[in-house]
Amino acid sequence: MDYTLDPREPVAAETKRIVGSLVDDGLDHLAMDDRHEAVHEVRKRCKEVRATLRLVRGVLPTYSDENAHYRDAARRISHIRDAQALVETFDDHVVPTVEAHDRLDGDRLGEVRATLVDRHDALAAEEDLDARLDAVERDLREGRERVDSLPIATDGFDAVAGGLRKSYRRGRERMADAYADPSTEAFHEWRKRIKYHRYHCYLLRPIWDEPMKARRDQLKELSDLTGDEHDLAVFCETMDEEELFDVETREILDTAIAGRRSELRRASRPIGERVFAEDPDELVARMRGYWLATVEYDSE
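The present account deals with the structure reproduced in this document.

### Observations concerning the overall build of the protein chain
Of regular secondary structure, the protein chain possesses 11 helices and zero strands. The order of helices and strands in the protein chain, counted from the N terminus, is α-α-α-α-α-α-α-α-α-α-α. The globule rule puts the C-alpha radius of gyration for 300 residues at 19 Å, and the 21 Å found for the protein chain is close to it. Across its three principal axes, the protein chain shows a C-alpha extent of roughly 65 × 45 × 30 Å. When the accessible surface of the protein chain is summed, it comes to about 14,300 Å², and 44% of that surface belongs to carbon and sulfur atoms.

### Here we look at the nonpolar core
Ranked by internal contacts, the top residues of the largest apolar core, which has 86 residues, are Leu-116, Leu-140, Val-160, Trp-190, Leu-204, Phe-235 and Leu-253. The residues contacting Leu-116, other than those within four sequence positions of it, are Leu-86, Val-87, Phe-90, Phe-235, Leu-244 and Phe-245.

### Let's talk about the pattern of salt bridges
Inspection of every chain in the model, using the stated rule, returns 36 salt bridges. Asp-6 is paired through a salt bridge with Arg-8; the nearest N and O atoms lie 3.0 Å apart. According to the relative accessible area criterion, Asp-6 is buried, its value standing at 16%. Among the ionic pairs, Glu-88 bridges to Arg-81, the shortest N-O distance being 2.9 Å. On the basis of relative accessibility, which here comes to 29%, the residue Glu-88 falls in the partly exposed class.

### Description of unusual backbone geometry
Only a minority of non-glycine residues have a phi that is not negative, and only a minority of peptide bonds are not trans. Backbone geometry places Asp-128, a non-glycine residue, at a positive phi of 55°. Among the structural elements, Asp-128 can be located in the loop between helix 5 (106-126) and helix 6 (129-147). Assessed through its relative accessible area of 42%, Asp-128 is described here as partly exposed.

### Brief notes about helix 9 (residues 209-242)
Between its first and last C-alpha, helix 9 extends 47 Å over 34 residues, near the 50 Å set by a 1.5 Å rise per residue. Downstream of helix 9 by a residue or two, Glu-243 has a phi angle that is positive, lying close to 50°.

### Description of the packing of helix 9 against helix 10 (residues 247-275)
Interaxial distance between helix 9 and helix 10 falls to 9 Å at its minimum, and their mutual angle equals 155°. In terms of axis orientation, helix 9 runs roughly antiparallel to helix 10. Considering only the axes of helix 9 and helix 10, their crossing is left-handed. Its residues placed into classes, the contact of helix 9 with helix 10 shows 14 nonpolar, four polar and 11 charged.

### Notes on the environment of Asp-279
Turning to its location among the elements, Asp-279 is positioned in the loop between helix 10 and helix 11 (280-297). On a C-alpha basis, the gap between Asp-279 and Tyr-168 in space is 9.2 Å, while along the polypeptide they are 111 residues apart. If near-sequence neighbours (up to four positions away) are discounted, Asp-279 is found in contact with Tyr-168 and Arg-172. Of note is the side chain of Asp-279, whose polar atom sits 2.9 Å from the backbone nitrogen of Asp-281.

Conventions adopted
- Residues numbered from 1 in each chain as written.
- Predicted model: local features only at pLDDT ≥ 70, side-chain atom pairs only at ≥ 80, totals over all residues.
- Heavy atoms only, no water.
- Helix = DSSP H or I, 4+ residues; strand = E, 2+ residues; numbered from the N terminus.
- Rg over C-alpha atoms; globule rule 2.2 N^0.38 Å.
- Areas by Shrake-Rupley, 256 points an atom, 1.4 Å probe, with all protein chains shown as cover.
- Core = buried A, V, L, I, M, F, W, Y, C linked by side-chain atoms within 4.5 Å.
- Buried < 20%, exposed > 50% of the residue type's maximum accessible area, 1.4 Å probe, protein only.
- Contact = heavy atoms within 4.5 Å.
- Salt bridge = Lys/Arg side-chain N within 4 Å of Asp/Glu carboxyl O.
- Expected span 1.5 Å × (residues − 1).
- Axes fitted to C-alpha atoms, helices over the stretch in contact; angles between N-to-C directions.
- Parallel < 35°, antiparallel > 145°, perpendicular 65-115°, else oblique.
- Left-handed = near helix turned anticlockwise from the far one by under 90°.
- Nonpolar A, V, L, I, M, F, W, Y, C, P; charged D, E, K, R; others polar.
- Polar contact = N/O pair within 3.5 Å; in protein donor to acceptor, adjacent residues only side chain to side chain.

Here you go:
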């Protein structure tokens, strides 16, 4: 399924096609045998639905209600996914970081991982994963019934201009906030705006494939860097708040991870400065030019 907007087609019809397909894909994932993979994939589909609706928010009167519907559906399983993400963060990022400092041996790292896996399994049992996924399925089916009647009021580039401008502007503003006050929350807010703008660039890929792909590639790198930084921040916060390991182990992990988070923040800045260099009105005007040229000159 092509999840991009064809500028030669009505935006309302294209948005409904994409949202409907994403919801259908989420329902298909709920039928997977691997329940924890289903959790991951369904949450992704909910985020993509929300990003798609966010692009046309200015001409969709029911945007707030629809956005809340898919946000709340994903939240039903967010704690379980977060617990699994903690294990993945340990494997993919914490272990290489700690090994570089040579402060924890293999046995102690194994004990840390076992604690994280036990925590995840206990949470999945406590929250009744199957019941929660059943509830998410009901949410998706309810949302799917409304897709074809989404009241998108305008077609053409004007339908997406407001959402594009707002998400891009917020990404620019949140970057400034993050480096002015480098708190975990500030960087997390910036990361969310990066992901929305990246997805919007994906939706708009057909207006000029190569430049949009290049922009998405930069946003992907930036999203990965800020995502890794956030995952490490959550790992430390959870570890310390729940006192998951002994004091010495926590101190070693905190020190190693703090250094890695600083590296990731430094690496993110030059990419962010380039990606968010334009004034929002300038970016929207440029994208409008791409859109109109595609409609005027490109054929099937």
